[in-house]
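Per-entry structural report
Residue strings, one per chain:
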Amino acid sequence: DAGVIQSPRHEVTEMGQEVTLRCKPISGHDYLFWYRQTMMRGLELLIYFNNNVPIDDSGMPEDRFSAKMPNASFSTLKIQPSEPRDSAVYFCASSSSNIQYFGAGTRLSVL
Amino acid sequence: GNSVTQMEGPVTLSEEAFLTINCTYTATGYPSLFWYVQYPGEGLQLLLKATKADDKGSNKGFEATYRKETTSFHLEKGSVQVSDSAVYFCALARGSTLGRLYFGRGTQLTVWP
């Protein structure tokens, strides 16, 4: 299995632009998680899905952030409009038990 | 509520030194406990886990024992290597339920030759 696949690996954009991060979970996993990692705040859970349904989005920082999971093999995290303080590494993880498998992350820089 | 507290880093050691990274938890019910490791430029990966009191998780020379009486799950290794340099995260899951993990802040370990 290829593991959790995230794209792009790096994204550089200008303030105000829309950013879309993508994630393909491990086949057969029914949970999907989006995290944000920064030096200041550490690892933060943004939202997670079970069977494509959002279960807890209390970690989503603002209305500028949205996440979707249209099917079991794909999820997106969208930031619109982006701001410099959104610069971070964003991780996607999936699981079918209480062990989560992480992707390599997307490093986002908003200038 | 559910939370994990890890010792503040960074931790800097010489090769072959003994490592301890402290982790304590607060949880309702009977959580499962985990240590994840993040190598530079990578995502987190499971290092070891324990699902009930007095269980010992072990992997790659690392060990941690689930201590219910002290609500702790300290990570230890007898002789660290340069390749162990990474960020280590303690985490808990509530009981056997699936769903979210509660992560600590992470502890940066640097091992010098």
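The shown structure was predicted, so the numbers you read here are calculated from the model rather than taken from an experiment. (Residues numbered from 1 in each chain as written. Chains lettered and ligands numbered in written order. Predicted model: local features only at pLDDT ≥ 70, side-chain atom pairs only at ≥ 80, totals over all residues. Heavy atoms only, no water.)

1. Quick word on the overall build of chain B
If you tally the helices and strands in chain B, you get 0 helices and 12 strands. For chain B, the C-alpha radius of gyration of 13 Å lies close to 13 Å, the compact-globule estimate for 113 residues. With respect to the principal axes defined by its C-alpha atoms, chain B has extents near 45 × 25 × 20 Å. Taking all 113 residues of chain B together, the buried fraction comes to 47%. Once local pairs closer than 6 in sequence are excluded, the contacts in chain B between residues at least 24 apart make up 56%. For chain B, the accessible area works out to roughly 5400 Å², and carbon and sulfur atoms hold 49% of it. Positive and negative side-chain charges of chain B, numbering 10 and 10 respectively, have mean locations separated by a distance of 11 Å. (Helix = DSSP H or I, 4+ residues; strand = E, 2+ residues; numbered from the N terminus. Rg over C-alpha atoms; globule rule 2.2 N^0.38 Å. Buried < 20%, exposed > 50% of the residue type's maximum accessible area, 1.4 Å probe, protein only. Contact = heavy atoms within 4.5 Å. Areas by Shrake-Rupley, 256 points an atom, 1.4 Å probe, with all protein chains shown as cover. Lys, Arg positive; Asp, Glu negative; His and termini not counted. Charge placed at Lys NZ, Arg CZ, Asp CG, Glu CD.)

2. Considering the sheet that holds strand β3 (residues 19–24) of chain A
Residues and elements named next belong to chain A. An order of β1-β3-β8-β7 is seen for the 4 strands of this open sheet, with the pairing classed as antiparallel. Only two strands of the sheet have a single partner each, and these edge strands are β1 (5–7) and β7 (65–71). For this sheet, the mean inter-axis angle between neighbouring strands, taken without regard to orientation, is 15°. Taken together, the 3 bridges between β1 and β3 define a ladder with antiparallel strand orientation. What sits directly across from Ile5, in β3, is Lys24. (Pairing = 2+ DSSP bridges. Axes fitted to C-alpha atoms, helices over the stretch in contact; angles between N-to-C directions.)

Interpretation in functional terms is not warranted from these geometric data alone.
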